[in-house]
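A closer look at the structure
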Amino acid sequence: MFPKAFHYKSVLRGAVFAAAGLALAACASVYRKHGYVPTPGQLSEVVPGIDTRDSVAETIGVPSSTGVLNESGYYYVATRFRHYGAAAPKPVARDLVAISFDAQGVVEGIRRYSLEDGKVVPLERRVTSSGVEDSTFLRQLLGNLGNFGPGQLLNSE
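From a predicted model like this one, the values you see are computed outputs, not experimental measurements.

1. Overview of the overall build of the protein
Within the protein one finds 5 helices and 5 strands. The helix and strand sequence of the protein, counted from the amino end, reads α-β-α-α-β-β-β-β-α-α. Residues counted as buried form 17% of the 157 residues belonging to the protein.

If you want it as structure tokens, here you go:
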């Protein structure tokens, strides 16, 4: 049989190689895709001036998002993200297909955009105070503990 020192060294060496392998595997890039964009073949079936909202939804599917107003367009968005280690995910590719409609709901135009066409839009969060406080029963009870004294309980006037 082998000496114990040789056995421990081989186990320790194996553990170090396993840890190094896991560390390298954790740093590998992982790609994920979110969303759906119709293929050029599917988009060729949509004819501006003829197709309507319903026919577009039947032909290429329901959009992932629509415009804020009822008369606005359909938007199909697909984004490919790269996850690398502990870093925040970064978008490496984005495709957007915008189908616009006129007031009668007929297709007006089809546009395709990519990540290079986009602009970074800084989002700013502004919160307006409504003046309404979140007053639960327990908050009201604990908030009133210091507002009265024992003399007020005895004086019933």
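Once the structure has been displayed, the description carries forward.
2. Topic: the nonpolar core
Val 37, Leu 43, Val 46, Val 56, Ile 60, Tyr 74, Tyr 76, Ala 78, Val 97, Ile 99, Phe 101 and Val 107 together form the largest nonpolar core, which totals 12 residues. Counting residues per element, the ones that place at least two in this core are α3 (53–60), β3 (74–84) and β4 (90–101). Those residues in contact with Val 46, other than ones at most four positions away along the chain, are Asp 51, Val 56, Thr 59, Ile 60, Val 107 and Ile 110.

3. Quick word on the side chain of Asp 51
Here Asp 51 shows up in the loop between α2 (40–44) and α3. Despite its burial, Asp 51 remains without a salt bridge, the nearest opposite charge being carried by Arg 53 at 13 Å. Polar contacts involving the side chain of Asp 51 include one to the main-chain amide nitrogen of Val 47, which spans 2.7 Å. Only 3.1 Å separates the side chain of Asp 51 from the side chain of Ser 55, close enough to count as a polar contact. Not counting residues up to four positions away in its chain, the partners in contact with Asp 51 are Glu 45, Val 46, Val 56, Gly 105, Val 106 and Val 107.

4. Quick word on the pairing of strand β5 (residues 107–114)
Pairing of β4 with β5, which is carried by 7 bridges, proceeds in the antiparallel orientation. By the bridge assignment, Ala 98 is partnered in β5 with Arg 111. Taken together, β4 and the strand that follows it, β5, pair antiparallel across an intervening segment of 5 residues, in which Gly 105 is found at a positive phi of about 90°.

5. Quick notes on the packing of aromatic side chains
Applying the stated criterion across every chain yields a total of 2 aromatic pairs. Between the aromatic rings of Tyr 36 and Tyr 76, the centroid separation amounts to 6.1 Å while the plane-to-plane angle is 80°, which identifies the pairing as edge-to-face. You can see Tyr 36 sitting in the loop between β1 (29–35) and α2 and its partner Tyr 76 sitting in strand β3, a full 40 residues away along the chain. Classification of Tyr 36 as partly exposed rests on a relative accessible area of 35%. Note on Tyr 76: relative accessible area 0%, which makes it buried. Between the NZ or CZ atom of Arg 80 and the centre of the ring of Tyr 31, over which it lies, the distance is 4.2 Å.

6. Some thoughts on α3
Where α3 is concerned, the buried positions are Arg 53, Ser 55, Val 56 and Ile 60. Buried residues of α3, seen end-on, are gathered within an arc of 165° and therefore sit on one face of the element. In α3, those exposed residues whose orientation departs by more than 90 degrees from the buried face are Asp 54 and Glu 58. Looking at the buried positions of α3, the neighbouring elements they touch are α2, β3, β4 and β5.

7. A look at the environment of Ser 55
Relative to the assigned elements, Ser 55 resides in helix α3. Judged by relative accessible area, which is 18%, Ser 55 ranks as buried. Residues Ser 55 and Val 107, 52 residues apart in the sequence, show an inter-C-alpha distance of 9.7 Å. A polar side-chain atom of Ser 55 sits 2.8 Å from the main-chain amide nitrogen of Thr 52.

What counts and what doesn't
- Residues numbered from 1 in each chain as written.
- Predicted model: local features only at pLDDT ≥ 70, side-chain atom pairs only at ≥ 80, totals over all residues.
- Heavy atoms only, no water.
- Helix = DSSP H or I, 4+ residues; strand = E, 2+ residues; numbered from the N terminus.
- Buried < 20%, exposed > 50% of the residue type's maximum accessible area, 1.4 Å probe, protein only.
- Core = buried A, V, L, I, M, F, W, Y, C linked by side-chain atoms within 4.5 Å.
- Contact = heavy atoms within 4.5 Å.
- Lys, Arg positive; Asp, Glu negative; His and termini not counted.
- Salt bridge = Lys/Arg side-chain N within 4 Å of Asp/Glu carboxyl O.
- Polar contact = N/O pair within 3.5 Å; in protein donor to acceptor, adjacent residues only side chain to side chain.
- Pairing = 2+ DSSP bridges.
- Phe/Tyr/Trp six-rings, centres within 6.5 Å; stacked < 30°, edge-to-face > 60°.
- Lys NZ or Arg CZ within 6 Å of the ring centre and 35° of its normal.
- Arc of directions from axis to C-beta.

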